[in-house]
Amino acid sequence: MKPVEPASRVADGEGRPIGRRVVLGILGLGAVGMAVGAKVQDTVGGAISAVQRADPTGITALVPGGSGFQYYSVTDHQPVIDPATYRLTVRTLAGRAHPFSLTELAALPQTDLTRDFQCVTGWRVKAVPWSGVRLVDLIDLVDPGTKAAAVHLTSLDGTYTESLTIAQARRPDVLVATRMLGAPVTNDHGGPVRLYVAPMYGYKSLKWLGGIELVPDVQPGYWEQYGYDTDAWIGQSNGRGDAPA
Ligand SMILES: Nc1nc2c(c(=O)[nH]1)N[C@H]1C(S)=C(S)[C@@H](COP(=O)(O)O)O[C@H]1N2
Ligand SMILES: [Mo]
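Residues numbered from 1 in each chain as written. Chains lettered and ligands numbered in written order. Predicted model: local features only at pLDDT ≥ 70, side-chain atom pairs only at ≥ 80, totals over all residues. Heavy atoms only, no water.

S.K.: What should I look at first to understand the site of ligand 1 in this one?
M.R.: Taken together, 21 residues lie near ligand 1, and E5, Q70, H189, R194 and K207 sit nearest. Contact between ligand 1 and V74: an oxygen atom at 3.2 Å from a main-chain N or O atom of the residue. Note that an oxygen atom of ligand 1 is positioned 2.8 Å from one of the side-chain N or O atoms of R194. With three residues, the top contributor of residues to the shell around ligand 1 is strand 2 (residues 70–72). Tallied by class, the residues present in the shell around ligand 1 amount to 11 nonpolar, six polar and four charged. (Near = heavy atom within 4 Å. Polar contact = N/O pair within 3.5 Å; in protein donor to acceptor, adjacent residues only side chain to side chain. Helix = DSSP H or I, 4+ residues; strand = E, 2+ residues; numbered from the N terminus. Nonpolar A, V, L, I, M, F, W, Y, C, P; charged D, E, K, R; others polar.)

As structure tokens, then:
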């Protein structure tokens, strides 16, 4: 059977699927972030994976704060990212690597967008404020080469990938986001840097963004290898009729 992107699950108070967030709450570490030492993170990570092994649906839980987002990760340990050493590496077709620190990203023109977030499993968060650098601005900074037809995006979780055609990547509503919901992107939401592809289903909005590579052809991303559409337009793909974001 093909893996299916898990439908959202909420801890129901009867000891059934306990999300990792609940565990963090129990441990009193709800604000685990990038500044927390690796030792504490390891302990928390161990507790999380034990609980997740008991959750047959995969790895989802409500992210607290009433935002309506569901926590998604296809790996059982999310990356710990030090903002001081974080680099987003943009690689040209010719193989040149251009690293961007958070300070360098912050110095580039910033774009604000307020748009819905829609997961292909059905949940939607209305009017989310997003900010960051347009993907097109980063691409244009590195001299992409005329033969690049697509971008391949990689996550620092080591597993998740995504792709966009160059035309999609050049849209003004595709952001390399450093802020969402009025604050820096949290580690749970893929911070310090995630993608936000406004017109497409949530699986395009790769978390813990580490690499952007210009490539000659579209390479299907993580979920796309299991049958989800690579052109993931909201309401015009995956057999769904949702209203555009
Ligand atoms: N690295 C990574 N990025 C990811 C995912 C994931 O599992 N791993 N899930 C995707 C899916 S299916 C959705 S709906 C959104 C969920 O974002 P959130 O966890 O901030 O709510 O992240 C997307 N980006
Ligand atoms: Mo999703």
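S.K.: Honestly, the sheet that holds strand 7 (residues 150–155) in this entry has me stumped. Any pointers?
M.R.: Judged by pairing direction, the sheet is mixed, and its five strands sit side by side in the order 4-3-12-7-8 without closing on themselves. Looking at strand neighbours, the two that pair on one side only are strand 4 (97–100) and strand 8 (161–165), the edges of this open sheet. Strand-to-strand, the axes of this sheet are offset by a mean angle of 20°, without reference to chain direction. Taken together, the five bridges between strand 7 and strand 8 define a ladder with antiparallel strand orientation. Note that in strand 8 the partner of A150 across the bridge is T165. (Pairing = 2+ DSSP bridges. Axes fitted to C-alpha atoms, helices over the stretch in contact; angles between N-to-C directions.)

S.K.: Would you mind showing me how to read the pairing of strand 12 (residues 209–215) here?
M.R.: Within a regular strand, side chains alternate between the sheet's two faces. With six of seven residues buried, strand 12 lies mostly within the body of the structure. Taken together, the three bridges between strand 3 (residues 88–91) and strand 12 define a ladder with parallel strand orientation. From the neighbouring strand, T89 faces strand 12, where its bridge partner is G211. One ladder, built from six bridges, connects strand 7 with strand 12; its direction is antiparallel. (Buried < 20%, exposed > 50% of the residue type's maximum accessible area, 1.4 Å probe, protein only.)

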